[in-house]
Amino acid sequence: MRLQRVLMLACLLTTASTLAACTTSGVSGAPALRSAIGNSLAGAQGKTPADQNKIDKTIAPGCALGLYTPIECDRHTKASADRRAEIAS
């Protein structure tokens, strides 16, 4: 009976520490988020291919980090392709 209590306590502590470690490893704070996403967007208006590249460079890391939902990322990808077609014509 005593061994069962010790094993149960060990399992609970292991589970609690695993959950605590796995839920605190994300990006924390504005400086960390800024360094992860980058600062390419400043001054970009989407009027040239270079501007659109800056916008895409800012959005892509946010999609990779999960900052944006997959639907938002897909919407940006489509809008970016449409904008590039507008700029080219």
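Since the model is a prediction, treat every value here as computed from it, not as a measurement.

Moving on, we come to helix α3 (residues 49-65). Over its 17 residues, α3 runs 25 Å from end to end, which matches the ideal 24 Å to within 8%, given 1.5 Å per residue. When α3 is considered as a whole, its buried residues turn out to be Asp51, Gln52, Ile55, Asp56, Thr58, Ile59, Pro61 and Gly62. Of the residues trailing α3, Gly66 is marked for its positive phi of about 85°.

Take the side chain of Asp56 next. Looking at where Asp56 falls in the secondary structure, it is placed in helix α3. Exposure remark for Asp56: the relative accessible area of 19% places this residue in the buried category. Residues contacting Asp56, with those up to four places away along its chain left out, are His76, Ser80 and Arg84.

We now examine the state of the cysteines. Scanning all chains against the criterion turns up one disulfide. Note that Cys63 is cross-linked by a disulfide to Cys73, the S-S spacing being 2.0 Å. Judged by the sign of its S-S torsion, about -115°, the cystine formed by Cys63 and Cys73 is left-handed. Remark: Cys73 occurs in helix α4 (residues 70-88) and Cys63 occurs in helix α3; sequence separation between them is ten residues.

So, about the environment of Gly62. Note on placement: Gly62 falls in helix α3. The buried category is assigned to Gly62, whose relative accessible area is 0%.

Looking at the chain, the pLDDT average stands at 78 and 69% of residues meet or exceed 70. No element of the chain has a lower mean pLDDT than helix α2 (residues 30-37), at 67, and none a higher one than α4, at 91.

Here the focus is the pattern of salt bridges. Under the defined criterion, the tally for this structure stands at three salt bridges. The salt bridge involving Asp56 is made with Arg84; its shortest N-O contact spans 2.6 Å. In this pair, Asp56 is assigned in helix α3 and Arg84 in helix α4, connecting sequence segments 28 residues apart. Notably, a salt bridge pairs Asp82 with Lys78, separated by 3.0 Å at the nearest N-O pair. Taken as a pair, Asp82 and Lys78 lie in helix α4 at a separation of four residues, close to a single helical turn.

Where α3 meets α4, the axes come as close as 11 Å, and the angle between the chain directions of the two elements is 170°. Here α4 runs roughly antiparallel to α3, going by the angle between their axes. Where α3 approaches α4, its residues Pro49, Gln52, Asn53, Ile55, Asp56, Ile59 and Cys63 are matched on the opposing element by Cys73, His76, Ser80, Arg83, Arg84 and Ile87. Across the contact of α3 with α4, the residue classes break down as six nonpolar, four polar and three charged.

Reading the values: the criteria
- Residues numbered from 1 in each chain as written.
- Predicted model: local features only at pLDDT ≥ 70, side-chain atom pairs only at ≥ 80, totals over all residues.
- Heavy atoms only, no water.
- Helix = DSSP H or I, 4+ residues; strand = E, 2+ residues; numbered from the N terminus.
- Expected span 1.5 Å × (residues − 1).
- Buried < 20%, exposed > 50% of the residue type's maximum accessible area, 1.4 Å probe, protein only.
- Contact = heavy atoms within 4.5 Å.
- Disulfide = S-S within 2.5 Å.
- pLDDT = per-residue confidence, 0-100.
- Salt bridge = Lys/Arg side-chain N within 4 Å of Asp/Glu carboxyl O.
- Axes fitted to C-alpha atoms, helices over the stretch in contact; angles between N-to-C directions.
- Parallel < 35°, antiparallel > 145°, perpendicular 65-115°, else oblique.
- Nonpolar A, V, L, I, M, F, W, Y, C, P; charged D, E, K, R; others polar.

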